[in-house]
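Remarks on the overall topology
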Amino acid sequence: MGDMATPQVRSFPPVPSPLLGLPGAVAARGATLKVQDSFRPTGIHNTRSLHREGRAIDLTCEGLTLEELAKLCWMAGFDWVFYEHPKGGGDHIHASVRR
């Protein structure tokens, strides 16, 4: 158990620059961006996943189709934009920046 006087600080990777402009682009179209998954240093993603490095994000949107959201992600500057359709449901856009 840690010393209460010394707080535990967790370091997170910086936000990929394409993500900085995306919320505004979505809002300008009257829609709401929703983050479904982002940085996870451990857990459900495979060991080579860019989610583990803070370079990937899974997104949905209210007010835009996933196709429209994917186009905005690409225009914002993400290097890889992919429509994911998991077996259990939860379709979303996976967007990432290269290493």
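About the thresholds
Residues numbered from 1 in each chain as written. Predicted model: local features only at pLDDT ≥ 70, side-chain atom pairs only at ≥ 80, totals over all residues. Heavy atoms only, no water. Helix = DSSP H or I, 4+ residues; strand = E, 2+ residues; numbered from the N terminus. Buried < 20%, exposed > 50% of the residue type's maximum accessible area, 1.4 Å probe, protein only. Areas by Shrake-Rupley, 256 points an atom, 1.4 Å probe, with all protein chains shown as cover. Axes fitted to C-alpha atoms, helices over the stretch in contact; angles between N-to-C directions. Parallel < 35°, antiparallel > 145°, perpendicular 65-115°, else oblique. Left-handed = near helix turned anticlockwise from the far one by under 90°. Contact = heavy atoms within 4.5 Å. Nonpolar A, V, L, I, M, F, W, Y, C, P; charged D, E, K, R; others polar. Disulfide = S-S within 2.5 Å. Arc of directions from axis to C-beta. Pairing = 2+ DSSP bridges.

With that settled, the discussion passes to the overall build of the protein. Within the protein, the regular secondary structure consists of two helices and four strands. Across the protein, helices and strands are ordered from the amino to the carboxyl terminus as α-β-β-α-β-β. Relative to its 99 residues, the protein shows a buried fraction of 31%. Approximately 6,700 Å² of the protein is accessible, and the part contributed by carbon and sulfur atoms is 56%.

Where helix 1 (residues 17-27) meets helix 2 (residues 66-76), the closest approach of the two axes is 9 Å, and the angle between their N-to-C directions is 135°. Classified by the angle between their axes, helix 1 and helix 2 sit oblique to one another. The way helix 1 lies across helix 2 gives a crossing that is right-handed. From helix 1, Pro18, Leu22, Ala25 and Val26 reach across to helix 2, where they touch Leu69, Leu72, Cys73 and Ala76. Partitioned by chemical class, the residues of the contact of helix 1 with helix 2 number eight nonpolar, no polar and no charged.

This part takes up the state of the cysteines. Applying the stated criterion across every chain, the model contains zero disulfides. Left unpaired, Cys61 is separated from the closest cysteine sulfur, that of Cys73, by 9.0 Å. Taking relative accessible area as the criterion, Cys61 reaches 13% and is therefore assigned buried.

Our focus in this paragraph is helix 1. Along an α-helix, a turn takes 3.6 residues, which lines up residues three or four apart on a common side. Three or more residues of helix 1 are buried, namely Pro18, Leu19, Leu22 and Val26. Projected onto a plane normal to the axis of helix 1, the buried residues spread over an arc of 90° and lie on a single side. Of the exposed residues in helix 1, those oriented more than 90 degrees away from the buried face are Ser17 and Leu20. Where helix 1 is buried, its residues meet strand 1 (32-37), strand 2 (56-62) and helix 2.

Consider a sheet: its strands pair through backbone hydrogen bonds, and that pairing is either parallel or antiparallel. The strand order across the open sheet formed by four strands is 1-2-4-3, and the pairing between neighbours is antiparallel. Across the chains shown, the open sheet's two edge strands, defined by having one partner strand only, are strand 1 and strand 3 (80-84). Each neighbouring strand pair of the sheet contributes to a mean axis angle of 35°, computed without reference to strand direction. In this structure, strand 2 lies alongside strand 4 (residues 92-96), joined through four bridges in antiparallel fashion. Directly across from Leu59, in strand 4, lies its bridge partner Ile93. Of the strands in this sheet, strand 1 and strand 2 touch helix 1, which is tilted by about 135° from strand 1.

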